[in-house]
Structures are given as structure tokens and as C-alpha cells.
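# Understanding the architecture of this molecule
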Amino acid sequence: VEGRGYSVVVEATISGEVVERVLKTTVAAACELNVAKNLIGSAMAGALGGFNAHASNIVTALYLACGQDAAQNVESSQCITLLEPTNGGVDLHVS
């Protein structure tokens, strides 16, 4: 169906200090986990376009917060979650 849905790119840089204090991990460990779980794990499970950490949950939360129909999240899991060290490996870039 033409004209259905939207494509978006979301990215953020999380300081290494926040990664360690709040997430209780390191930038390197988070990046390694992302490759193992989101990329390799999803491929091994036969995921079709959903190499992510449950993006549909984030979209559903936004729908609920804005008073929208949460049942319309069915296509919201088609994404790829990428984590990369940035700023010399000190901070975490998420996209």
C-alpha cells in the first residue's frame, strides 16, 4: 500500500559517564552486546527487518502517551539498532 507509514532515523550520544552510572555497563560492553543480541541473534532467529531492541515498545509508549490507538504498532518493529563508540571510545552513539 503506497503512502503507508513513515521512515525515521533517531540518534543520540550518551556520555560514557551516564552509560556506567545509569546503565551499569561500559561503552564497549554495550556495543558488544548489541552485535551479539540485535544483529547476530536476530539474524539467527530469522528476523525479517527487525534487528532491534523491541522498537515497537517505544512506538507503543509514544502512541499511549499521545492518546493514539496502541494496536497500530504492528509495523513499528522494522528497524536496525546500532551502537557505536564515539569520541575516542568514551561515549556511546545510538542510532
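Here is a short report on the structure shown in this document. Everything numeric here is computed off the predicted structure, so don't read it as measured data.

## Looking at the overall build of the chain
Summing up its helical and strand segments, the chain has 3 helices and 5 strands in all. With the C-alpha coordinates aligned to their principal axes, the bounding extent of the chain is approximately 45 × 35 × 20 Å. Taking all 95 residues of the chain together, the buried fraction comes to 22%. Summarising the internal contacts of the chain: among those between residues at least 6 apart in sequence, 56% fall at separations of at least 24. Taken as a whole, the chain presents about 6,800 Å² of accessible surface, with 61% of it coming from carbon and sulfur. Taking the 4 positively charged and 9 negatively charged side chains of the chain as two groups, their mean positions are separated by 9 Å.

## Side note on the sheet that holds strand β4 (residues 83-86)
Spatial ordering of the open sheet is given by β1-β5-β4, a layout of 3 strands whose pairing is antiparallel. Taken across any chain shown, the strands that pair with only one partner, and hence form the sheet edges, are β1 (12-14) and β4. Shown here is a sheet whose adjacent strand axes are inclined to one another by a mean of 30 degrees, direction ignored. As judged from the 3 bridges shared by β1 and strand β5 (residues 91-94), these two strands associate in the antiparallel manner.

Criteria and thresholds
Residues numbered from 1 in each chain as written. Predicted model: local features only at pLDDT ≥ 70, side-chain atom pairs only at ≥ 80, totals over all residues. Heavy atoms only, no water. Helix = DSSP H or I, 4+ residues; strand = E, 2+ residues; numbered from the N terminus. Buried < 20%, exposed > 50% of the residue type's maximum accessible area, 1.4 Å probe, protein only. Contact = heavy atoms within 4.5 Å. Areas by Shrake-Rupley, 256 points an atom, 1.4 Å probe, with all protein chains shown as cover. Lys, Arg positive; Asp, Glu negative; His and termini not counted. Charge placed at Lys NZ, Arg CZ, Asp CG, Glu CD. Pairing = 2+ DSSP bridges. Axes fitted to C-alpha atoms, helices over the stretch in contact; angles between N-to-C directions.

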